[in-house]
Amino acid sequence: MKKYLAIPMSAALMFGLAACSSDGSSGGGDNYIIVNSSEPQNPLVPANTTENGGGRPIDMLYSGLVYYDAKGEEHNEVAEKIETEDSQKYTITLRKDAKFSDGSPVKAENFVKAWNYAVENSLQAASFFEPIKGYAEGVKEMEGLKVVDDYTFTVELTQPEADFPLRLGYSAFYPMHDSAFDDIEAYGQKPIGNGPYVLEEWNHDASALLVKNPEYVGPREAKNDGIDFRFYAKIDAAYTDLLAGNLDVIDAIPDSAFKTYESELNGRAVNQPAAVFQSFTVPERLDHFSGEEGNLRRQALSMAFDRSEITEKIFDGTRTPAKDFTSPVIAGYDKDLKGHDVLQYNPEKAKELWEKADAISPWSGSFEIAYNADGGHQGWVDAVTNSIRNTLGIDAQGKPMPDFKSFRNEVKDRTIQTGFRTGWQADYPGLGNFLVPLYTTGASSNDGDYSSAAFDAQMKKAAGADSVEESSKLYNEGQEILFQDLPAIPLWYSNVNGGWSENVDNVVFNWKSVPEYYSITKK
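Throughout this description, residue numbers start from 1 for each chain and increase along the sequence as written. Totals for whole chains, interfaces and linings use every residue, but because this is a predicted model, local features are given only for residues with pLDDT of at least 70 and side-chain atom pairs only at 80 or more, for both listing and counting. Side-chain metrics in this entry use all non-hydrogen atoms of the structure; hydrogen atoms and water are not considered.

- Named according to an unreviewed UniProt entry, the chain is Solute-binding protein family 5 domain-containing protein originating from Corynebacterium argentoratense DSM 44202.

## Considering the domain arrangement of the chain
Bring the parts together and some accessible area is lost; that lost area is often taken as the interface size.
Turning to step 1, where the next piece is worked out: The domain architecture assigned to the chain consists of domain 1 (63-178) and domain 2 (273-495).
Turning to step 2, where the next piece is worked out: Summing both sides of the interface, domain 1 and domain 2 together bury roughly 1,300 Å²; the carbon and sulfur share of this comes to 58%.
Turning to step 3, where the next piece is worked out: Each reported salt bridge corresponds to a side-chain nitrogen of Lys or Arg within 4 Å of a carboxyl oxygen of Asp or Glu. For the interface between domain 1 and domain 2, the tally reads 0 salt bridges.
Turning to step 4, where the next piece is worked out: Polar contact is defined as a pair of N or O atoms within 3.5 Å, subject to the rule that within protein one atom must be able to donate a hydrogen and the other to accept it, and that residues adjacent in sequence are counted only when both atoms are side-chain atoms. Linking domain 1 to domain 2 there are 2 residue pairs in polar contact (both at pLDDT 80 or more).
Turning to step 5, where the next piece is worked out: Taken together, the residues that form the side of domain 1 that touches domain 2 break down as 7 nonpolar, 5 polar and 3 charged. How far each domain reaches was decided by an automatic or database domain assignment. Buried area: the accessible area, evaluated with a 1.4 Å probe, that two parts lose upon being put together, summed over both parts. Under the grouping applied here, Gly and all other residues not named as nonpolar or charged are polar, the nonpolar ones being Ala, Val, Leu, Ile, Met, Phe, Trp, Tyr, Cys and Pro and the charged ones Asp, Glu, Lys and Arg.

## Here we look at the UniProt feature "domain: Solute-binding protein family" (unreviewed entry) in the chain
Turning to step 1, where the next piece is worked out: UniProt positions are given in the numbering used here, feature names are shortened, and annotations may be inferred rather than shown by experiment. Feature annotation in UniProt assigns "domain: Solute-binding protein family" (unreviewed entry) to the following positions: residues 76-445.
Turning to step 2, where the next piece is worked out: Strands are runs of DSSP state E lasting at least two residues, helices are runs of H or I lasting at least four, and both sets are numbered from the N terminus onward. The straight-line gap between the two end C-alpha atoms of residues 76-445 is 27 Å; of that span, 29% is helix and 21% is strand.

## Examining the side chain of threonine 418
Turning to step 1, where the next piece is worked out: Inspection of the secondary structure assignment puts threonine 418 in the loop between helix 11 (404-413) and strand 16 (419-425).
Turning to step 2, where the next piece is worked out: In what follows, a contact means two residues having at least one pair of non-hydrogen atoms within 4.5 Å. Apart from the residues lying within four places of it in its own chain, the contact partners of threonine 418 are Pro283, Leu286, Glu368, Ala370 and Lys399.

## Focus on the sheet that holds strand 5 (residues 89-94)
Strand pairing within a sheet occurs via backbone hydrogen bonds; the two strands may be parallel or antiparallel.
Turning to step 1, where the next piece is worked out: Each pair of strands is called paired provided DSSP finds at least two bridges between the two strands. With antiparallel pairing, the 4 strands of this open sheet are ordered in space as 4-5-7-6. The sheet is open, and its two borders are formed by strand 4 (79-84) and strand 6 (145-149), each paired with just one other strand. Sheet twist, expressed as the mean angle between neighbouring strand axes with direction ignored, is 20 degrees.
Turning to step 2, where the next piece is worked out: Where strand 5 meets strand 7 (residues 152-156), 5 bridges bridge the pair, whose relative direction is antiparallel. When the bridges of strand 7 are listed, threonine 91 appears paired with threonine 154.
Turning to step 3, where the next piece is worked out: Across the sheet, helix 2 (residues 108-120) lies against strand 5, strand 6 and strand 7, angled at about 165 degrees from strand 6, the strand it touches most. An axis is simply a line fitted to the C-alpha atoms; with a helix, the fit covers only the stretch in contact. Between two such axes, the angle follows the N-to-C directions and lies from 0 to 180 degrees.

## Comments concerning the packing of aromatic side chains
For any pair of aromatic rings, the description consists of the separation of the ring centres together with the inter-plane angle of the planes.
Turning to step 1, where the next piece is worked out: Geometry of aromatic contacts follows a simple scheme: Phe, Tyr and Trp rings, the Trp one being its six-membered ring, pair when their centres are within 6.5 Å, and the pair is stacked under 30 degrees between planes, edge-to-face over 60, tilted otherwise. Inspection of every chain in the model, using the stated rule, returns 28 aromatic pairs.
Turning to step 2, where the next piece is worked out: Relative to tryptophan 511, the ring of tyrosine 68 lies with its centre 5.8 Å away and its plane at 80 degrees, an arrangement referred to as edge-to-face. With tyrosine 68 in strand 2 (residues 66-68) and tryptophan 511 in the loop between strand 18 (504-505) and strand 19 (521-522), this pair connects stretches of sequence that are 443 residues apart. Residue tyrosine 68 shares its accessibility class with tryptophan 511, and that shared class is buried.
Turning to step 3, where the next piece is worked out: Centroid distance tryptophan 380 to tryptophan 492: 5.6 Å. Interplanar angle 90 degrees. Geometry classified as edge-to-face. Highlighted residues: tryptophan 380 in helix 10 (residues 378-392) and tryptophan 492 in strand 17 (residues 489-500), separated in sequence by 112 residues.
Turning to step 4, where the next piece is worked out: Classification of tryptophan 380 by relative accessible area gives buried; the value is 4%.
Turning to step 5, where the next piece is worked out: The class of tryptophan 492 is buried, set by a relative accessible area of 1%. Think of it in three bands: with a 1.4 Å probe and only protein chains considered, a residue is buried below 20% of the maximum accessible area for its type, exposed above 50%, and partly exposed in between.

Right, here's the structure in full:
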């Protein structure tokens with residue numbers, strides 16, 4: 001969700017949904033588009049949001065230097081031009097007509113101050129700024145950021161990085177209004193953004209209403225009057241509301257409807273590949289999962305269940321068994337990387353590896369995978385843990401937690417004492433986005449606290465490649481290290497499965513599985 005998913009989304013694709021009934025609207029309006037979502041984990045501060053519930057509204061409330069269209073192609077938004085001669089020092093010129101929702105101009109210092117603030121205050125996405133010269137945890141100002149004039153600033157990196165401009169559409173790089181730095185908590189509850197919409201009201205754990213921003217002049221012009229996000233306790237309830245016409249768009253389908261939703265929606269359904277990767281993580285801090293013993297046990301777990309069978313029986317073919325740690329829709333994807341056989345169902349090898357681990361330290365206790373019960377995960381968790389139990393002869397089971405927010409808080413606070421579901425919904429369309437934020441030492445979404453000097457060095461080498469094509473090759477070489485260590489156990493790639501009611505038109509789901517909210521029109 002995304003950026004988790006999140007997943008971290010981001011995320012990561014993390015459907016953490018909180019309850020409201022179909023009549024619990026945050027506001028009325030004939031041209032409001034009613035959609036499903038989840039309660040954001042934190043106040044709506046761009047660089048402090050790495051999960052899907054907050055990421056969806058933030059991407060509508062703010063505009064970055066660039067944005068990604070539905071296919072994942074990069075286009076300028078607030079940036080008029082981004083120039084470099086060496087891929088190390090970039091000069092960024094802003095368009096002069098971009099404004100915040102209060103009418104004040106978006107200036108270079110709004111970007112520079114926001115980026116520095118994220119690093120100084122160690123916000124969740126602070127590690128995205130690590131390539132900038134002078135980056136250090138808690139540093140007040142990065143040496144590599146310089147304001148030239150009101151509408152121009154420069155960014156100097158510690159090394160050439162050809163794909164740096166590709167990252168600039170991610171929310172960590174959004175600007176913030178001057179008022180944000182006076183009281184960041186209050187600002188996060190009612191942000192002054194520069195995107196297509198403004199936050200009208202936020203009824204915590206129930207709904208949030210975004211209305212059209214009259215000051216916005218960019219390419220993502222809203223075709224409706226607003227987006228009414230509804231938070232549901234169960235995705236089944238959201239789907240029921242969709243069928244009843246009480247919900248306009250849904251971006252998840254309950255397991256129970258996988259076989260029927262396309263026929264039930266009669267041409268108003270989507271089932272297409274998306275930049276979403278699913279996994280579960282077993283941190284090294286848990287008993288029996290550190291060092292060589294931990295590596296053996298993670299490899300055994302990975303081989304103890306059949307991804308193809310689960311994706312067919314549980315998800316009715318709407319998932320694809322993972323071959324790596326990224327996504328097939330991203331340029332540079334390779335399904336035949338060295339070491340990927342650890343993702344193949346091999347019960348005999350799994351038993352052998354588990355016995356080798358037992359020779360180091362005999363297994364005790366129960367193996368559990370924690371998940372948020374409001375996200376429709378029970379089916380696959382039960383299938384995976386049942387197979388682990390039958391293959392390895394140990395007690396294994398799922399551990400449901402009430403909702404996405406409480407689940408993520410335990411993961412973030414490191415109080416969770418079991419394995420847990422993880423995933424990633426891409427922030428930008430590059431292989432590095434699936435690897436660097438999740439598995440480099442101290443990265444923003446490294447929930448398992450994995451650390452490998454060899455992997456870190458490979459990621460730095462990949463980022464410094466002369467071209468995006470060369471960097472993709474080096475990123476894939478880095479995945480060979482991950483296959484050995486398994487900081488997360490890859491499960492499958494997600495399709496976006498969703499649909500819309502008869503009340504709306506022009507519904508498009510983008511490359512990372514999210515509806516293009518601003519383009520939806522009411523009939």
